[in-house]
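# Observations on the three-dimensional arrangement
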Amino acid sequence: MSVAQTIEQSVRDNFDVEYLELLNESHQHAGPATESHFKLTVVAPDFEGLRLVQRHQKVYALTQELMQNGPLHALSLHLFTPEEWQKRGGTVADSPNCRGVGS
Amino acid sequence: MEIIRQQVEQNPVVLYMKGSPQFPQCGFSARAVEVMSDIGKPFAYVNVLDAPEIRTNLPKYGNWPTFPQLWVKGELVGGSDILLEMQQNGELAELLADIPEAQ
């Protein structure tokens, strides 16, 4: 499985996903890797009652292996409850471009 | 780990980042600095590119795999996605309300 497929599958296996969008943003960054930078938006009721830092930690826990021993370098996360997602009209901020230093 | 504990407990606000606020070496670190500058409260920073031990150990200490990381009063607040989100919804200003303004 590709990195993207692995991320998507494990999120779907672990959360009651209502909406999921995974963008490969590796082209915005320096270096030869093509599966290094991703942006993941997930809407799931699982996030209710959790602070942002706790939501992110839950998702990062699923991608630990890919980050430590795989090509995944940065995973931008936008994690919402269905209610929050509806309030913001279904939009997230753009990721910044890389500065090409510091791997 | 002891150094990290001292840093996050002795500095009310500390940003672990790649590069310095003047010369961020990564787009996500640059974004975190922009958010903190807008908020206008003073913050300490640690350039993890110059501190390989902290770069290796902080992800375990905070259960957070990437940089930047903002710590306030000894607790992990999050990375750049969370800072941006909390700037937009006002929670960051609230969290830093009792930190004195920069001189």
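For the structure given in this document, a descriptive report is provided here. Fair warning: this is a prediction, and the values are worked out from it, not measured in the lab.

This paragraph deals with the packing of aromatic side chains. All names here are of chain A. Tallied over the full model, the rule gives 5 aromatic pairs over all chains. Considering the side-chain rings of F15 and F47, the 5.2 Å spacing of their centres and the 45° angle between planes classify their relative orientation as tilted. Of the two residues, F15 is situated in the loop between α1 (3–14) and β1 (19–24) and F47 in the loop between β2 (37–43) and α2 (52–62); the sequence distance between them amounts to 32 residues. Chaining the aromatic ring pairs together yields one cluster made of Y19, F80 and W85.

Let us now look at the interface of chain B and chain A. When the parts of a complex come together, some accessible area is lost, and that lost area is often taken as the interface size. On the chain A side, the residues contacting the 23 residues of chain B number 27 residues. Roughly 1,900 Å² is buried in total at the junction of chain B and chain A, and carbon and sulfur atoms are behind 59% of that figure. Summed over the three residues of chain B that lose the most area to chain A, namely Q25(B), F28(B) and D81(B), the buried surface amounts to 26% of that side. Where chain B packs against chain A, one counts 1 salt bridge. One salt bridge connects E85(B) with R88(A), and the closest N-O pair in it is separated by 2.9 Å. Across the chain B-chain A interface, the total number found is 6 residue pairs in polar contact (both at pLDDT 80 or more). Those elements giving two or more residues to the side of chain B that touches chain A turn out to be α2 (27–39), α3 (52–62), β4 (75–78) and α4 (80–88) of chain B. Residues that form the side of chain B that touches chain A fall into these classes: 12 nonpolar, 5 polar and 6 charged.

So, about unusual backbone geometry. All names here are of chain B. A cis amide bond links F67 to the next residue, P68, at an omega of 5°. Topologically, P68 is positioned in the loop between α3 and β3 (69–72). Even without a glycine there, the phi angle at N63 is positive, about 55°. Residue placement: N63 occurs in the loop between α3 and β3.

Turning our attention to the pairing of β3(B). Residue and element names in this part refer to chain B. A two-sided burial pattern is seen for β3, the buried positions comprising Q69 and W71 on one face and L70 and V72 on the other. For strand β1 (residues 13–17) and β3, the ladder comprises 4 bridges, and the chain directions are antiparallel. Opposite Y16, over in β3, you have Q69 as the bridge partner. As judged from the 3 bridges shared by β3 and β4, these two strands associate in the antiparallel manner. Each residue of the ladder has a partner; that of V72, found in β4, is E75. Between the antiparallel neighbours β3 and β4 lie 2 residues, among them K73 with a positive phi of about 50°.

Cut-offs and rules
- Residues numbered from 1 in each chain as written.
- Chains lettered and ligands numbered in written order.
- Predicted model: local features only at pLDDT ≥ 70, side-chain atom pairs only at ≥ 80, totals over all residues.
- Heavy atoms only, no water.
- Phe/Tyr/Trp six-rings, centres within 6.5 Å; stacked < 30°, edge-to-face > 60°.
- Helix = DSSP H or I, 4+ residues; strand = E, 2+ residues; numbered from the N terminus.
- Contact = heavy atoms within 4.5 Å.
- Buried area = accessible area lost by both parts, 1.4 Å probe.
- Salt bridge = Lys/Arg side-chain N within 4 Å of Asp/Glu carboxyl O.
- Polar contact = N/O pair within 3.5 Å; in protein donor to acceptor, adjacent residues only side chain to side chain.
- Nonpolar A, V, L, I, M, F, W, Y, C, P; charged D, E, K, R; others polar.
- Buried < 20%, exposed > 50% of the residue type's maximum accessible area, 1.4 Å probe, protein only.
- Pairing = 2+ DSSP bridges.

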